[in-house]
Amino acid sequence: MKATRRGFLKFSFLSSVVGALTGVSKSVVAANKRNKPIVVSTWEHGLAANAAAWKILNNQGRALDAVEKGVRVPEADPDVRTVGLGGYPDSDGNVTLDACIMDENMNCGAVAFLQDIKHPISVARKVMEETPHVMLVGSGAKKFALEQGFTSENLLTEQSKKDWSEWKKLGQQKKQINIENHDTIGMLALDNAGNLSGACTTSGAAFKLPGRVGDSPIIGAGLYVDNEVGAATATGMGELMMKTVGCHLVVELMRQGASPQEACQKAVQRIATRLDNFAEFQVGFLALNKAGEYGAYCIQPGFNYAVRDTSGEHLFDGENLLGASK
Ligand code: SD4
């Protein structure tokens with residue numbers, strides 16, 4: 001059930017008519033029309049991640065478990081070069097990871113600048129469930145992970161080391177995140193119980209300045225979930241999402257009545273109207289609402305997203321602001 005403007009209008013009209021006649025709120029009407037369970041993820045590697053999440057969702061499992069299990073797939077895959085093991089290092093050659101997770105009760109956990117731990121998303125979940133805090137960073141995050149039983153391992157694969165050496169040789173010290181250099185996985189799920197959760201995990205921008213943290217572990221920037229309304233996640237140049245608190249914006253737009261597709265588009269338009277250099281970068285938003293409708297929108301062509309629901313597995317190109325889809 002891909003969200004369309006016509007579908008949204010029809011849905012809103014029916015909801016308000018039924019609501020007015022019966023006194024039932026729109027959200028209760030929506031609850032009866034849900035497309036669930038469903039999981040959506042950024043990029044093509046979202047297909048394999050969604051497959052792992054689907055096993056849980058299709059078995060009456062919880063969205064929170066599904067998103068954690070799902071994003072662990074690219075985290076463990078050395079061929080996914082922007083998440084977990086084998087991720088591109090920073091300019092000093094160190095792999096530093098960022099992740100966050102959020103459940104249906106506004107609980108959230110995050111880690112940033114975490115080194116030597118393959119599954120930052122699971123550490124983020126431990127932060128959420130085992131501490132009174134939302135975010136741990138750097139050596140504190142690693143110490144906590146080790147105390148929680150995670151093992152320390154070298155995440156710099158031979159391939160990533162080689163790429164880093166070549167990058168150094170070329171002297172590309174000022175390389176920024178361009179439209180090719182982003183593949184964070186953000187995942188959103190709606191379970192059979194009608195609850196939403198989300199997860200986002202990344203090695204961040206390739207060859208970034210040491211200590212740089214992007215949007216991906218920042219609740220509201222790279223991920224946001226409000227179980228009354230919907231959820232959103234983002235990929236691309238994190239600084240743009242941080243400046244606009246992009247995912248929170250997407251969820252608030254859905255609260256005001258926008259479909260997931262419209263909300264993502266409006267958030268990209270906000271970036272485009274407020275940030276002068278937006279056209280140099282890629283940003284992609286992906287959103288899912290309580291009814292199981294989804295949508296995505298990005299600045300540049302080239303962003304795609306994976307969907308798994310009862311109709312099967314799908315890969316869609318995100319609509320974009322600056323050009324036609326590939
Ligand atoms: C960041 N949003 O750190 C991330 C970049 C990305 O794969 O999408 N990386 O800014």
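Quick caveat, the model's predicted, so the values are computed rather than measured.

What counts and how
Residues numbered from 1 in each chain as written. Predicted model: local features only at pLDDT ≥ 70, side-chain atom pairs only at ≥ 80, totals over all residues. Heavy atoms only, no water. Helix = DSSP H or I, 4+ residues; strand = E, 2+ residues; numbered from the N terminus. Buried < 20%, exposed > 50% of the residue type's maximum accessible area, 1.4 Å probe, protein only. Contact = heavy atoms within 4.5 Å. Areas by Shrake-Rupley, 256 points an atom, 1.4 Å probe, with all protein chains shown as cover. Pairing = 2+ DSSP bridges. Axes fitted to C-alpha atoms, helices over the stretch in contact; angles between N-to-C directions. Near = heavy atom within 4 Å. Polar contact = N/O pair within 3.5 Å; in protein donor to acceptor, adjacent residues only side chain to side chain. Nonpolar A, V, L, I, M, F, W, Y, C, P; charged D, E, K, R; others polar. Phe/Tyr/Trp six-rings, centres within 6.5 Å; stacked < 30°, edge-to-face > 60°. Lys NZ or Arg CZ within 6 Å of the ring centre and 35° of its normal. Expected span 1.5 Å × (residues − 1). Parallel < 35°, antiparallel > 145°, perpendicular 65-115°, else oblique. Salt bridge = Lys/Arg side-chain N within 4 Å of Asp/Glu carboxyl O. Core = buried A, V, L, I, M, F, W, Y, C linked by side-chain atoms within 4.5 Å.

*Asks:* Which residues make up the overall build of the protein chain, and what values go with them?
*Replies:* Helix and strand counts for the protein chain stand at 10 helices and 13 strands. Across the 326 residues in the protein chain, those meeting the buried criterion constitute 57%. Sequence separation of 24 or more characterises 65% of the internal contacts of the protein chain that already satisfy a separation of 6 or more. Carbon and sulfur atoms provide 50% of the accessible area of the protein chain, an area that totals close to 13,400 Å².

*Asks:* Please give an account of the sheet that holds strand S8 (residues 230-236) that cites residues and values.
*Replies:* Across the sheet, which stays open at both edges, the 5 strands sit in the order S7-S8-S9-S10-S13 with mixed pairing between neighbours. Either end of the sheet is taken by a strand with one partner, and the two such strands are strand S7 (223-226) and strand S13 (319-320). Judged from the 4 bridges that link them, S7 and S8 form a sheet pairing that is antiparallel. Bridge pairing in S8 places tyrosine 224 opposite alanine 232. The sheet strands contacting helix H10 (residues 260-274) are strand S9 (283-289), strand S10 (294-298) and S13, and the helix crosses S10 at an angle near 20°.

*Asks:* Before we move on, could you go through the site of the ligand and cite the residues and values that matter?
*Replies:* By nearness alone, 15 residues border the ligand, and Asp183, Thr184, Arg212, Asp215 and Gly236 come closest of all. One nitrogen or oxygen atom from the side chain of threonine 202 is found 3.3 Å from an oxygen atom belonging to the ligand. Glycine 236 places a main-chain nitrogen or oxygen 2.7 Å from a nitrogen atom of the ligand. About the coverage of the ligand: the protein hides 100% of its 290 Å² of free accessible area. Here the residues of the shell around the ligand sort into 2 nonpolar, 10 polar and 3 charged.

*Asks:* Hey, could you go over the packing of aromatic side chains for me, with residue numbers and the actual values?
*Replies:* In total, this model carries 7 aromatic pairs according to the counting rule given. Aromatic side chains phenylalanine 303 and tyrosine 305 sit 6.3 Å apart centroid to centroid with 25° between the ring planes, which places their arrangement in the stacked category. Phenylalanine 303 gets classed as buried once you look at its relative accessible area, which sits at 0%. An aromatic cluster of at least three residues, connected via ring pairs, comprises Trp43, Tyr294, Phe303, Tyr305 and Phe316. The positively charged end of arginine 81 is found above the aromatic ring belonging to tyrosine 88, 4.5 Å away from the centroid.

*Asks:* Go over H10 with me, naming the residues and quoting the values.
*Replies:* Taking 1.5 Å of rise per residue, 15 residues should cover 21 Å, and H10 covers 21 Å from first to last C-alpha, within 8% of that figure. Along H10, the positions that sit buried rather than exposed are Pro260, Gln261, Glu262, Ala263, Cys264, Ala267, Val268 and Ile271.

*Asks:* Go over the packing of helix H5 (residues 120-130) against helix H6 (residues 138-147), please, and point to the residues and values.
*Replies:* Contact pair H5 / H6: the axes reach a minimum separation of 10 Å and the direction vectors enclose 80°. Judged by the inter-axis angle, H5 sits roughly perpendicular to H6. Mapping the contact onto sequence places Val123, Lys126, Val127 and Glu130 in H5 and Ala141, Phe144 and Ala145 in H6. Partitioned by chemical class, the residues of the contact of H5 with H6 number 5 nonpolar, no polar and 2 charged.

*Asks:* Tell me about the pattern of salt bridges, residues and numbers included.
*Replies:* Taken as a whole, this structure holds 13 salt bridges when the rule is applied. Linking arginine 255 and glutamate 228 is a salt bridge whose minimum nitrogen-to-oxygen distance equals 3.9 Å. Of the two residues, arginine 255 is situated in helix H9 (residues 246-255) and glutamate 228 in the loop between S7 and S8; the sequence distance between them amounts to 27 residues. We classify glutamate 228 as exposed; its relative accessible area is 62%. Assessed through its relative accessible area of 38%, arginine 255 is described here as partly exposed. Taken together, the shared-partner salt bridges in this structure form one network comprising Asp65, Glu68, Arg125 and Glu129.

*Asks:* Give a detailed account of the nonpolar core, specifying residues and quantitative values.
*Replies:* Formed by 49 residues in total, the largest nonpolar core has its most connected members in Val40, Leu240, Val250, Ile271, Phe285 and Leu288. Residue contributions to this core peak at 6 residues, all from H9. The residues touching valine 250, leaving out its near neighbours within four places in the chain, are Ala232, Ala263, Cys264, Ala267, Phe285 and Ala287. Judged by nonpolar contacts, the second largest core, of 32 residues, contains Val67, Met128, Phe144 and Ala199.

*Asks:* Could you give an account of the sheet that holds strand S5 (residues 185-190), naming the residues involved and the relevant values?
*Replies:* Read across the sheet, 8 strands follow the order S4-S3-S2-S6-S5-S1-S11-S12 without closing on themselves; strand pairing throughout is mixed. Taken across any chain shown, the strands that pair with only one partner, and hence form the sheet edges, are strand S4 (135-137) and strand S12 (312-317). Sheet twist, expressed as the mean angle between neighbouring strand axes with direction ignored, is 10°. The strands that helix H3 (residues 46-57) touches are strand S1 (38-42), S5, strand S11 (304-309) and S12; relative to S1, the one it contacts most, it runs at about 160°.

*Asks:* Report on the environment of arginine 308, specifying residues and quantitative values.
*Replies:* Its location among the elements puts arginine 308 in strand S11. When the C-alpha positions of arginine 308 and tryptophan 54 are compared, they lie 7.1 Å apart, and in sequence the two are 254 residues distant.

*Asks:* Give a description of unusual backbone geometry that names residues and reports values.
*Replies:* Peptide bonds are trans in most cases, and residues, glycine excluded, mostly fall at negative phi. Of note, the amide linkage connecting lysine 36 to proline 37 takes the cis form, showing an omega dihedral of -5°. Relative to the elements of secondary structure, proline 37 occurs in the loop between helix H2 (26-32) and S1. At phenylalanine 207, a position not held by glycine, the phi torsion is positive, near 60°. Relative accessible area serves as the criterion here: at 8%, phenylalanine 207 is assigned to the buried category.

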